[in-house]
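# Observations on chain architecture
Spelled out from the first residue to the last, the chains are:
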Amino acid sequence: MLPLPLSIALRHLSRRRRQTLVSVLGVALGVGFFIGISALMRGFQTYFVAQVIDVAPHVTIKDEYRTPREQPAVLAMAGGAVSVRGVKPREELRGIRDARGMLAWLEQQPGVAAAPGLRGSALLRYGARDVTATIAGIEPARERRVGNIEKDIIAGSLDDLRATANGIIVGIGLAERLGAARGDTITGTAPSGASLSFKIVGVVATGIASIDNGEAYVLLKVSQVLQDRPNVINAIRIRLDDVRQAEPLARRIEAAFGWRTESWEEANRNVLSLFVIQNAIMFSVVGAILLVAAFGIYSIISTVVHEKVRDIAILKSLGFTEGDIMRVFTIEGVAVGVAGALLGAVVGEGIIFALGQVRFEQAGGLIRGNQGFILARELWPYLAGGAFAILASAVAALIPARRAAALNPVEIVRGAA
Amino acid sequence: MTPLLEARGVTRTLPGAVPVTLVRDITLAIGEGEFVAVTGPSGSGKSSLLYLLGLLDRPTEGRVLIEGQDTAGLSAGALARLRRERLGFVFQFHFLLPEFTALENLLLPMRRAGLEAEAALRARAEWLLERFGLADAMRKYPEQLSGGMRQRVAVARALANDPALVLADEPTGNLDSVNAAGMFDLFESLVSEHGRSIVVVTHDPHLAVRAGRQVRLVDGRIVEDTGAVPA
Ligand SMILES: Nc1ncnc2c1ncn2[C@@H]1O[C@H](COP(=O)(O)OP(=O)(O)O)[C@@H](O)[C@H]1O
Ligand SMILES: [Mg+2]
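Residues numbered from 1 in each chain as written. Chains lettered and ligands numbered in written order. Predicted model: local features only at pLDDT ≥ 70, side-chain atom pairs only at ≥ 80, totals over all residues. Heavy atoms only, no water.

Attention shifts here to the coordination of the magnesium ion (ligand 2). Residue and element names in this part refer to chain B. Ligation of the magnesium ion (ligand 2) by protein atoms is provided by Ser47 (OG) and Gln92 (OE1), these donors lying 2.0 to 2.4 Å from the ion. Of this pair, Ser47 sits in helix α1 (residues 46–53) while Gln92 sits in the loop between β6 (87–90) and α3 (102–113), and the two are 45 residues apart along the sequence. Classification of Gln92 by relative accessible area gives partly exposed; the value is 22%. (Donors = N, O, S within 2.8 Å, 3.2 Å for Na, K, Ca; no water. Helix = DSSP H or I, 4+ residues; strand = E, 2+ residues; numbered from the N terminus. Buried < 20%, exposed > 50% of the residue type's maximum accessible area, 1.4 Å probe, protein only.)

This is the structure:
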């Protein structure tokens, strides 16, 4: 049999159905929206992260330093006797020195794949049209282990780069802007003045605008010729079995070799911090909804207490304690919270289902293959939303419940008689 | 012998700009097996006295003792326990719990005290309601009962835990003379057969004389007590 305060509480709630239903619905809406909104937000965020992890390198070593190197005069006169101002970067031959050695070292690390590259800009021209693009020189065999570019190639293949002299794979947006297609021959002119003819052997569509609209791939050697920088490598891109190791590895590389080394987290820091703000907004909005629901519970329990003062006097005259009375009304609040949390899970499911039905006609071609919301199916919003609802209900009920318990039965009866 | 319940010089004053004294200097001892009728004009403090004796209110002066023990020092929890195991209280205005059936109204204090198994409690509650002629009303909610029936349920509920002392505030106010007499029959049998004590407030002089002892209040003072032990 149910404990006595629980059975009294449930009886109070079940005999005043309308009021109970309204307060349960209030809580359920709060919980439901929380579940729905977090599925939406987290879905987008995890999709974005997965996309970044999938397409972009986990770690990139660049041919630059994070902080300018100390001037020799400053190093010689440690302690500040000399200050050097207005230093311009030296016209040095840029590129990662000893890149081959680093590659060899990296490839010995477990769970690490690395690929060299020389990235530079070039003006691509096809007929009368020209577009500035980033030309990435790659080694297909190594690139394959580092990037997923291959699966995004919609015409041709990575191997065609090697099979064709001066083959080039261009982003789909780039191809459109040039008006060129696979098999066409285009010209590329580097800032150095060197110019080469390329044959388009492939078209790539990653879904990431910056790549699709502005990148092209050639063999590393070809890139070095185009840029007139023989044997130079200016980026090493690394892919890890465990993406969580990206930041630590980046720090290790930078400490050991000195080159600026960015993990994917660092490269996307602005977006990731945007997510933090996004989540904060989400939690505030939903917290506000639940707060309103909690006030609803507070007002309902207060009203019930007010209407039930005679019952409280009777229960006390029958030997029920203050603790019993408090339990009765606290349980009423918690019961509303629990029912609201359960119904809220259903409402949340419904919201997620409804969101899943939404289809966008054309999302600007940005999210390829996804014409709807990306929804995260996670357990924690159900648990967190439910727990918060129950907690808020308990607190909201506790205040009037304590007041109810402290009521003096004789004063109630004198007032009533 | 120690009386079951004793009031010694009890005064109860409501604080306020104009303090109101409800009862004044009450000294009263109720022994085991005593049947006491409290009478007096309206506003004379009968209900107030009953609240004090029922441990629902505390005196501003004087002491209330139960079985020789001063109740002033008892915790709220201890008082609640005395109320549910030793005392049965009936408010002047029936006061049933509206969300519960007549039977459940009896079962609530029984379950709270938990002195017997559920089946025994249920059997006793049904037996009590039958004794009050409420066999057909057991599963009805208070709103479905007449005023007189509710009053009888309230008295039955006061007897639910078989208390040593029953305090009933005008329990016959809504009853016809037959039912009122029947209730007093029951009180008499509780006293004579079971040795229980009853304090009952009544306006009806014909009923009052059926009690073994009459206490008359006027303006919060005892003006007559047929059973007072001479000091
Ligand atoms: N809350 C109150 N404030 C002021 N006076 C009160 C209050 N309650 C009762 N009284 C007064 O106390 C006196 C005793 O009341 P009560 O014990 O109810 O008398 P009875 O039950 O004999 O009619 C009455 O004169 C009544 O007017
Ligand atoms: Mg009265």
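So, on to the site of ligand 1. Around ligand 1, the structure places Arg414 of chain A together with Leu14, Val20, Leu22, Pro41, Ser42, Gly43, Ser44, Gly45, Lys46, Ser47 and Ser48 of chain B. Neighbouring residues of ligand 1 are not confined to a single chain but are spread across chains A and B. Between an oxygen atom of ligand 1 and a main-chain N or O atom of Ser44 of chain B, the distance comes to 3.2 Å. Computed on the free molecule, ligand 1 has an accessible area of 560 Å², of which 61% lies beneath the protein chains in the complex. Counting residues per element, the shell around ligand 1 draws most heavily on α1 of chain B, at three residues. (Near = heavy atom within 4 Å. Polar contact = N/O pair within 3.5 Å; in protein donor to acceptor, adjacent residues only side chain to side chain. Areas by Shrake-Rupley, 256 points an atom, 1.4 Å probe, with all protein chains shown as cover.)

Residues and elements named next belong to chain A. This model, assessed by the stated rule, comprises 42 salt bridges over all chains. When the shortest N-O distance is used, the salt bridge between Arg251 and Glu266 registers 3.8 Å. In this pair, Arg251 sits in helix α10 (residues 246–257) while Glu266 sits in helix α11 (residues 264–267), placing the two residues 15 residues apart along the sequence. Taking relative accessible area as the criterion, Arg251 reaches 31% and is therefore assigned partly exposed. (Salt bridge = Lys/Arg side-chain N within 4 Å of Asp/Glu carboxyl O.)

Once that is clear, we can look at the packing of helix α12 (residues 269–307) of chain A against helix α15 (residues 380–406) of chain A. Residues and elements named next belong to chain A. α15 packs onto α12 with a crossing angle of 30 degrees between their chain directions and a minimal axis gap of 8 Å. Relative to α15, α12 is oriented so that their crossing is right-handed. Only Trp380, Phe388, Ala389, Ala392, Ser393, Ala396, Ala397, Ile399, Pro400, Arg403 and Ala404 of α15 make contact with α12, whose side of the interface consists of Phe283, Leu290, Ala294, Ile297, Tyr298, Ile301, Ser302 and Val305. (Axes fitted to C-alpha atoms, helices over the stretch in contact; angles between N-to-C directions. Left-handed = near helix turned anticlockwise from the far one by under 90°. Contact = heavy atoms within 4.5 Å.)

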